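Each chain, written out:
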Amino acid sequence: MSAQSAARQRGPEGVRPIRTLRGAAGAVLRRYEIAVSDYAAIVPLDPRLDGDGLRKLVRLACLDLYRVSWRRAFLATDGARVLCWYVAPDAEAVRFVLRQQGVHAVVWPCEVQGPSDTGPAQSGRELIVVEVAREPALDAAAMASRHEATVATLGAAGHRVVRTFATRAGGPLLCLVEASDAVAVRVCLTGAGLAPGNVWGCTALEPEATPLFGATDGNAPAATAPPHPRVDRTAPDASAEVDAVIIGAGLSGICALKRLLDMGLRVRLYEAGRDVGGVWHFNRYPGARVDSESYTYGFSFSAEILAEWRWQELFAGQPEVAGYLRFVVDQLDLRRHMRLSTRVASARRDAIAGCWTVETDQGERVTARYLVAATGVLSATQLPDIPGRDDFAGESYHTARWPEAGVELRDRRVGVIGTGASGVQVIQTIAADVRHLTVFQRTPTYCIPQRNRALTDADRDAIARDWASILATCQNSYSGFVHDFDPRPGLAASAADREAKFAALWEKPGFAFWFANFGDLMMNAEVNAHASDFLRRKIRERVRDPEVARTLMPDHPFGSKRVPLENRYYEVFNRTNVRLVDLRATPLVALTRDGIRTTREEHPLDVLIYATGFDAGTGALTRIDIRGDGGLSLAAKWRGGPSTYLGMLVSGFPNLFLVNGPQNAAALCNAGRCIEQNVDWIARCIDHLRTRGLTRVSPTAEAEAEWTRHVEEVAEATVLRVNKDSWFFGANTPGKARRASIYAAGAREFREQCDAAARAGYPGCTME
Ligand code: N01
């Protein structure tokens, strides 16, 4: 091999080949990973530069377009110059970005040394920049010893060296020092024979914060013009480096994509499905329907979308919700930031480069500073491990992987395993169409009437008129719904009043019976027992056969398992073509060629529907090979149960953000509302980093342990402690450690905790 071709194979200096592909006609395509490094620039300032001009300078230094991002800037107190510190692929990129704005700067590659604390100087001290000129006679070793001598001399004199920039390419040594004043620093160095060059006092510059939509506390940054120049996004982004990768194009991913793009980030979203929608793309089973009042479920951030989208039903069916999400994505022109039909296979953290490397099942590889997992709480499907599962000769489907072409069920013998929210919806929808339906129930659930109806123009007008107060109600309620708990304790009411309240709530649509009930419904076992008893009596009234009714009656506390909303579910069991099989009395033995065998008999089936749920909370994340610092895998970390900080950050996995992760309030919440809250907080955290020139956030192990303990404690304080036999605790997934994965204190309390953490400057996290 010639020297020239060897050099070509190595690639440009500082650039590492990461993949070689053989293209058509023997052409070799090589991809390179470009390392980013630190650069320092002394920017002489035009004396006529006013406040706006200076802000512009700071803003443009935040520009990520050429992978130039700004870490810190220090403005001379005489306003004559600014010392900027960037992270960029090369000095030329920094010069180019600055030149584009008419700023001509001296830029040097540098090595940054010293502690990361660059906050304001302690009281009575100033920040001083010392420029130690590089003399032509000094080689690298001599310059290094000059550096050491400078730091030691300043330290011995009681000045604190905050950071040094050891510039290369003939640049000076730049020291940032905390001292009483510039004169004291100059005298100290001159006295030691170290001949400093320029010495000047400065203040650390804080670029303006990005405005966040829907920030809820008074301390949120004031809205200003976006500080990040708009990037031309007319073409699909094909680069191998972006600022953020989002996994999933469900509600969470769409919301996160919109938000991060608005902040000026370059974002790539990967979605395994053929189209957007997440669970609403995959859960196409007959009867799939949202449990939130539709108009409260959608996004709140676009007035145009709110005005243009007309919800048709109080509780929209799957086609309508999926259509809504496609509409949003198209209206906001988000598709070109997405890769559909592409599953993220792995994500590995490179601690030195400070980025995540994400690889997909399509062979794509991209690096990003931030990784946002919008993978869904309930998306990783699971099939029960029943002996003979592959022997069944009929068709079988999981509700959450329903074929797009649909399934012919008419006049067929259908079995459904599972009676959670999915099972209830599919059972009540297909019962009248199939020849015979066998419902295999292990644990009965309390279902409450959904009371769905079509929305009229008058309804839509009223919703538009009252939108602000509807949104405020949702924001401030326990679970993000239009319903909120009655603050009265249940036992303060007489038995007759309690009964009257239950009866009134029973007539209301949606989750009113759950979330507008007595305030201590979920805390006080006796109040809960009264509500549970009311619901059992309703089942008895609706189901003709007393034995079948008894089988349908749960014995756990109401609300300790997710409550399905139903539309004439219980009446299904009065039909002659429907049979309820109690798997507690007659457990499932095996699948056979012709159907299902229980300990009592064999049930012949043509089609078997698994409504058997999900590896909830953690499953979608642990099925991806996510590795944080030191190669630690997330699956290994969570082997003993999930542990997070606020359900959104994980220690050892810097810059990994979970939307609606485990230990979050979102699992019991109106998804649209809680997703926006989660995304708001994540965007705000990223903004906090960027506006301070920081690049890394990770919760401390202590803060994570404290949050995990708190989530457990809250669960123990509620009726959930009596029944941990559900996905709320991971109990539905064989082999999974049992730990509370939902934050039962509710969405309002959760939001307050998140806002308090942000206001306090993220005390549970380390940021660098
Ligand atoms: O799943 P589930 P889902 N043998 O886990 C049974 C959301 N969702 O898909 O209770 C026999 O609730 C299992 O029995 P058991 C909502 O948050 C929302 O229904 O473990 N049976 C149970 O009956 C919901 O909570 C909406 O004893 C087995 C069922 O399968 C979440 O998704 C609609 C079994 C699983 O119920 C999950 O609901 C749908 C076995 N080996 C879902 N394994 C809307 O908002 C499991 N089961 C509209």
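Residues numbered from 1 in each chain as written. Predicted model: local features only at pLDDT ≥ 70, side-chain atom pairs only at ≥ 80, totals over all residues. Heavy atoms only, no water.

> Explanation requested: the packing of helix H6 (residues 251-262) against helix H20 (residues 671-691) in the structure shown.
How two helices sit against one another is set out by the angle between their axes and by the gap between those axes. The contact between H6 and H20 brings their axes to 9 Å, and the two run at 35°. The crossing of H6 and H20 is right-handed. Along its contact with H6, which presents Leu251, Ser252, Cys255, Ala256, Arg259 and Leu260, the element H20 presents Ala671, Gly672, Ile675, Glu676, Val679, Asp680, Ala683 and Ile686. Of the residues belonging to the contact of H6 with H20, the class tally is nine nonpolar, two polar and three charged. (Axes fitted to C-alpha atoms, helices over the stretch in contact; angles between N-to-C directions. Helix = DSSP H or I, 4+ residues; strand = E, 2+ residues; numbered from the N terminus. Left-handed = near helix turned anticlockwise from the far one by under 90°. Contact = heavy atoms within 4.5 Å. Nonpolar A, V, L, I, M, F, W, Y, C, P; charged D, E, K, R; others polar.)

> What's the story with the side chain of Lys561 in this structure? I'm lost.
Mapped onto the secondary structure, Lys561 falls in the loop between helix H17 (546-552) and strand S21 (565-566). The side chain of Lys561 sits in the buried core without any salt bridge; Asp725 is the nearest counter-charge, 5.9 Å away. Among the polar contacts made by the side chain of Lys561, one reaches the main-chain carbonyl oxygen of Asp725 at a distance of 3.3 Å. Those residues in contact with Lys561, other than ones at most four positions away along the chain, are Thr443, Thr445, His556, Asn723, Asp725, Ser726 and Phe728. (Buried < 20%, exposed > 50% of the residue type's maximum accessible area, 1.4 Å probe, protein only. Lys, Arg positive; Asp, Glu negative; His and termini not counted. Salt bridge = Lys/Arg side-chain N within 4 Å of Asp/Glu carboxyl O. Polar contact = N/O pair within 3.5 Å; in protein donor to acceptor, adjacent residues only side chain to side chain.)

> I tried to follow the sheet that holds strand S24 (residues 595-598) on my own but got confused; where do I start?
Note: strands within a sheet are paired through backbone hydrogen bonds, in either parallel or antiparallel orientation. One open sheet holds the three strands; their spatial order is S23-S24-S25, and the pairing between them is antiparallel. Each edge of the open sheet is held by one strand with a lone partner, namely strand S23 (588-591) and strand S25 (602-604). On average, each strand axis in the sheet is inclined to that of its neighbour by 20°, with strand direction left out of account. Two strands pair when backbone bridges link them, and S24 and S25 are joined in this way by three bridges, in the antiparallel orientation. Its bridge partner being in S25, Gly595 is matched across the sheet by Pro604. (Pairing = 2+ DSSP bridges.)

> In this structure, what is going on with the confidence of the model for the chain? I would like to understand it.
The predicted coordinates of low-pLDDT regions are not to be read in fine detail. In the predicted model, the chain carries a mean pLDDT of 86, and the fraction of residues at 70 or more is 83%. Every residue in residues 207-235 scores below 50 in pLDDT, and together they form 58 contacts with partners more than four places removed in sequence or on other chains. (pLDDT = per-residue confidence, 0-100.)

> Is there a simple way to think about the sheet that holds strand S26 (residues 607-610) in this case?
Spatially, the five strands line up as an open sheet ordered S17-S26-S18-S19-S22, and their pairing is parallel. Taken across any chain shown, the strands that pair with only one partner, and hence form the sheet edges, are strand S17 (395-398) and strand S22 (578-582). Mean inter-strand twist for the sheet, computed between neighbouring axes without regard to direction, equals 15°. Summarising the sheet, strand S19 (residues 436-441) and S22 pair through five bridges and their orientation is parallel. By the bridge assignment, Thr438 is partnered in S22 with Arg579.

> Help me understand the state of the cysteines, please; the structure alone is not making it clear to me.
Each disulfide consists of a covalent bond between the sulfur atoms of two cysteine residues. In this structure the tally under the stated criterion is one disulfide. Here Cys685 stays free of any disulfide, with the sulfur of Cys765 as its closest cysteine sulfur at 6.0 Å. (Disulfide = S-S within 2.5 Å.)

> Whenever I open this one, the packing of aromatic side chains confuses me. Can you help?
Any two aromatic rings considered together are summarised by their centre-to-centre distance and by the angle between their planes. Scanning the model with the defined rule gives 32 aromatic pairs in all. Their ring planes at 40° and their centres at 5.8 Å tell us that Tyr478 and Phe515 sit as a pair that is tilted. With Tyr478 in the loop between helix H13 (467-476) and helix H14 (495-506) and Phe515 in helix H15 (residues 512-515), the pair connects residues that are 37 residues apart, well separated along the chain. Assigned by exposure class, Tyr478 and Phe515 land together as buried. For the cation-ring pair, Arg401 lies above Phe282, with the distance from its terminal atom to the ring centre recorded as 4.3 Å. (Phe/Tyr/Trp six-rings, centres within 6.5 Å; stacked < 30°, edge-to-face > 60°. Lys NZ or Arg CZ within 6 Å of the ring centre and 35° of its normal.)

> Just checking my understanding: could you explain the site of the ligand for this structure?
Contacts to the ligand come from 24 residues, most closely from Arg289, Ser422, Arg442, Thr443 and Lys561. Within the side chain of Arg562, an N or O atom sits 3.3 Å from an oxygen atom of the ligand. When isolated, the ligand has an accessible area of 900 Å², and the protein chains bury 85% of it. When residues in the shell around the ligand are grouped by element, the largest group, three residues, is from helix H11 (residues 421-430). Of the residues contributing to the shell around the ligand, the split by class is ten nonpolar, nine polar and five charged. (Near = heavy atom within 4 Å. Areas by Shrake-Rupley, 256 points an atom, 1.4 Å probe, with all protein chains shown as cover.)

> Help me understand helix H16 (residues 525-542), please; the structure alone is not making it clear to me.
The α-helix advances 3.6 residues per turn, and as a result positions three or four apart in sequence lie on the same side. Spanning 18 residues, H16 covers 26 Å between terminal C-alpha atoms, matching the ideal 26 Å at 1.5 Å per step. Of all the positions in H16, only Val527, Asn528, Ala531, Ser532, Phe534, Leu535, Lys538, Ile539 and Arg542 are classed as buried. Looking down the long axis of H16, one finds its buried residues gathered within 150° of arc, a one-sided arrangement. The secondary structure elements touched by the buried residues of H16 are strand S20 (448-449), H14, H15, H17 and S21. With a side-chain oxygen lying 2.8 Å from the backbone nitrogen of Glu526, the N-terminal cap of H16 falls on Asn524. (Expected span 1.5 Å × (residues − 1). Arc of directions from axis to C-beta.)

> Just to check I follow, could you spell out the environment of Thr691 for this structure?
Mapped onto the elements of the fold, Thr691 is located in helix H20. Thr691 gets classed as buried once you look at its relative accessible area, which sits at 6%. A C-alpha to C-alpha distance of 8.9 Å links Thr691 and Arg72, two positions 619 residues apart in sequence. Within polar-contact distance, the side chain of Thr691 engages the backbone oxygen of Asp687 at 2.8 Å. A distance of 3.1 Å separates polar atoms of two side chains, one belonging to Thr691 and the other to Arg692.

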